[in-house]
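Notes for the structure review
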Number of protein chains: 2
Amino acid sequence: MARHPLDEMPPEESERLQGIYEPFTQVVRDLVDATIRTTVDEAEVLKVQAELEDIVARLRERELDGSFAVSNRGRHWGNTVVGIRNAAAPPVHVERDSSGRAWADFHLGAAYEGPPGLVHGGVSALILDQLLGEATGAGGKPGMTASLTLTYRRATPLGDLRVEAWIERSEGIKTWAKGHISNADGITVEAEGLFILPRWAREAPQPPEGSFE
Amino acid sequence: MARHPLDEMPPEESERLQGIYEPFTQVVRDLVDATIRTTVDEAEVLKVQAELEDIVARLRERELDGSFAVSNRGRHWGNTVVGIRNAAAPPVHVERDSSGRAWADFHLGAAYEGPPGLVHGGVSALILDQLLGEATGAGGKPGMTASLTLTYRRATPLGDLRVEAWIERSEGIKTWAKGHISNADGITVEAEGLFILPRWAREAPQPPEGSFE
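Here we summarise the structure given alongside this text. Sequence order sets the numbering: in each chain, residues are counted from 1 along the sequence as written. Chain labels run from A onward and ligand labels from 1 onward, assigned in the order the entries are written. Per-residue local features are limited, in this predicted model, to residues with pLDDT of at least 70; the limit for side-chain atom pairs, both in listing and counting, is 80 or more; totals at the level of whole chains, interfaces and linings are taken over all residues.

We count a stretch as a helix when DSSP gives it H or I for four or more residues in a row; a strand needs E for two or more, and each element gets its number in order from the N terminus. Within chain A, the regular secondary structure consists of five helices and six strands. The linear arrangement of helices and strands in chain A, starting from the amino end, is α-α-α-β-β-α-β-β-β-β-α. With the C-alpha coordinates aligned to their principal axes, the bounding extent of chain A is approximately 60 × 50 × 30 Å. Neighbour counting defines burial: a residue surrounded by 20 or more other C-beta atoms within 10 Å of its own C-beta is buried, one with 12 or fewer is exposed, and intermediate counts give partly exposed, using backbone-placed C-beta atoms. The buried share of chain A, reckoned over its 213 residues, is 45%. Partitioning the intrachain contacts of chain A with sequence separation of at least 6 by distance along the chain shows that 63% fall at a separation of at least 24. Each residue is represented by a C-beta atom placed from its backbone, and any two residues with such atoms within 7 Å are regarded as in contact.

On the side of chain A, 75 residues touch chain B, which itself brings 75 residues to the contact. Residue contributions to the side of chain B that touches chain A peak at 13 residues, all from helix H1 (residues 11-37) of chain B. When its residues are assigned to classes, the side of chain B that touches chain A shows 38 nonpolar, 22 polar and 15 charged. Being paired, for any two strands, means DSSP has found at least two bridges between them. Where strand S3 (residues 144-152) of chain A lies against strand S3 (residues 144-152) of chain B, five bridges are found, and the strand directions are antiparallel. Its bridge partner lying in S3(B), A:Ser147 is registered against B:Thr151. Any residue outside Ala, Val, Leu, Ile, Met, Phe, Trp, Tyr, Cys, Pro, Asp, Glu, Lys and Arg is labelled polar, Gly included; the first ten of those are nonpolar and the last four are charged.

Next up on the list: the environment of B:Gln18. Residues and elements named next belong to chain B. Relative to the elements of secondary structure, Gln18 occurs in helix H1. We classify Gln18 as partly exposed; it has 13 C-beta atoms within 10 Å. In this structure the C-alpha to C-alpha distance between Gln18 and Arg96, which are 78 residues apart in sequence, comes to 20 Å.

Least-squares fitting of one copy onto the other uses the C-alpha atoms of those residues that reach a pLDDT of at least 70 in both copies. In screw terms, the move from chain B to chain A is a rotation of 180° and a rise of 0.0 Å along the axis, fitting with an RMSD of 0.0 Å. A rotation of that kind, with that shift, is consistent with a two-fold axis. When C-alpha distances to the rotation axis are compared across chain B, the minimum falls at B:Thr149, with a value of 2.1 Å. Of all interface residues in chain B, 100% are interface residues in chain A too; the two copies therefore contact each other through one and the same surface.

Let's shift gears to helix H4 (residues 121-138) of chain A. All names here are of chain A. Given a rise of 1.5 Å per residue, 18 residues ought to cover 26 Å, and the 26 Å separating the end C-alpha atoms of H4 matches this to within 8%. Across the 18 residues that make up H4, a large majority, 18, are buried. Among the residues trailing H4, Gly140 stands out with phi positive, at a value near 80°. Expected helix span is computed as 1.5 Å times (number of residues minus one).

Cis rather than trans, the peptide bond between A:Pro90 and A:Pro91 has omega equal to -20°. Its location among the elements puts A:Pro91 in the loop between helix H3 (68-71) and strand S1 (95-97).

With that settled, the discussion passes to the sheet that holds strand S2 (residues 101-108) of chain A. The strand order S1(A)-S2(A)-S4(A)-S5(A)-S6(A)-S3(A)-S3(B)-S6(B)-S5(B)-S4(B)-S2(B)-S1(B) describes an open sheet built from twelve strands, whose pairing is antiparallel. Bordering the open sheet on either side are S1 of chain A together with strand S1 (95-97) of chain B, each of which pairs with just one other strand. Ignoring which end each strand starts from, the neighbouring axes of this sheet average 15° apart. Relative to the sheet, H4(A) contacts S1, S2, S3, strand S4 (159-171), strand S5 (174-183) and strand S6 (186-196) of chain A together with S3 of chain B, its axis offset from that of S5(A) by approximately 130°. Sheet strands in contact with helix H4 (residues 121-138) of chain B are S3 of chain A together with S1, strand S2 (101-108), S3, strand S4 (159-171), strand S5 (174-183) and strand S6 (186-196) of chain B, and its direction is about 130° off that of S5(B). Orientation is described by axes fitted as lines to C-alpha atoms, over the contacting stretch for helices, and by angles from 0 to 180 degrees between their N-to-C directions.

All right, on to the packing of helix H1 (residues 11-37) of chain A against helix H2 (residues 42-59) of chain B then. Contact geometry for H1(A) and H2(B): axes closest at 9 Å, N-to-C directions at 25°. One element, H1(A), and the other, H2(B), form an angle in the roughly parallel class. Of the two possible hands of crossing, H1(A) and H2(B) adopt the one that is left-handed. Along the contact surface, H1(A) presents A:Ile20, A:Pro23, A:Phe24, A:Val27, A:Val28, A:Asp30, A:Leu31 and A:Ala34, while H2(B) presents B:Glu42, B:Val45, B:Gln49, B:Leu52, B:Glu53, B:Ile55, B:Val56 and B:Leu59. Looking at the contact of H1(A) with H2(B) residue by residue, the class counts come to twelve nonpolar, one polar and three charged. By definition in this entry, angles of less than 35 degrees are roughly parallel, angles greater than 145 are roughly antiparallel, angles of 65 to 115 are roughly perpendicular, and the rest are oblique. Should the near helix be turned anticlockwise from the far one by less than a right angle, the crossing is termed left-handed; should it be turned clockwise, right-handed.

So far we have only geometry, and geometry alone does not tell us how the molecule works.
Structure representation (structure tokens):
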């Protein structure tokens with residue numbers, strides 16, 4: 001498989017691009033929050049809408065044909081949980097170690113609400129799926145999610161949260177991982193998942209690195 | 001519990017507000033997509049960033065203290081799956097019937113990517129959690145998610161998708177629901193969940209209506 005120009009990008013260039021796109025995306029993230037919570041008058045809402053239509057048109061003058069990772073060889077910048085270019089992502093900044101552990105401190109605001117004032121149960125599932133996948137990748141046992149079970153111990157309030165995940169055991173192409181989300185009062189949601197290395201990855205000339213999500 | 005002014009809002013007024021905030025939020029959703037996919041030059045990115053900072057400041061001149069549903073008695077407009085004021089939501093427009101079924105046709109673009117070109121497995125979990133909850137609510141058996149199990153049959157490509165959910169059985173405060181996501185080629189992800197009516201809702205003078213998410 002031919003190497004892609006982005007694979008060859010020197011780390012300094014990658015950091016430089018991150019310095020541009022990370023604050024740019026953060027403003028869009030702030031806008032998502034402000035769109036939910038604003039109570040300015042309707043005339044101002046309509047005015048802002050027109051300005052945003054103009055901005056979107058300008059950004060779309062040149063754009064990728066499809067999603068981000070397809071054009072960027074799996075680069076995670078568009079990922080819906082960790083993507084620094086994805087304003088729908090919190091984003092969660094994941095730390096990992098090679099023993100097969102991954103963890104993150106993160107914050108969820110109004111954009112992640114389910115019941116009033118609470119994190120949507122499915123958002124907890126989304127973040128745990130990502131972290132369990134990151135743990136398997138960190139431990140050299142990457143796979144795609146085959147099954148995932150969530151147990152909701154109590155409601156998760158919006159705000160500051162922590163997620164932790166680890167490899168439980170591994171047999172050949174199958175890896176079982178566990179994890180949980182907690183806040184200052186303790187664990188709120190637990191997860192258990194089975195991750196399997198897909199056939200196309202097993203047959204690739206070089207094993208894939210990192211996680212699949 | 002005192003009734004809130006929003007409960008008294010005539011349907012015409014609710015529709016009028018929807019006519020303002022739905023297209024406004026849709027532009028922000030388009031912006032999230034364009035932010036991921038744009039390849040315009042860096043000078044333009046910086047210029048847009050400054051314009052967006054100004055817009056966010058204007059919208060924040062008057063805003064809710066916290067998340068949307070807290071100030072709006074559980075109204076779903078801020079919900080992270082179905083919320084018409086939440087640009088992080090696809091949004092999924094759910095249909096339901098009182099036999100305890102819920103379904104929706106929806107589209108997922110670049111903002112929902114996990115592996116290249118594929119829906120993040122956790123996004124499927126998020127949408128299924130919402131739909132299973134909607135099915136239990138539609139059938140008069142509302143509850144909060146106690147547990148949820150996802151089985152990934154095959155990868156879910158970004159694009160046009162369908163989700164369906166239904167009540168499987170119910171015993172007192174416990175309701176079991178199932179569902180799946182599919183595309184034109186068939187089912188990709190299956191879900192099974194247990195929903196429990198929380199104590200505070202059982203002790204309320206009137207049973208809650210609809211779903212909890």
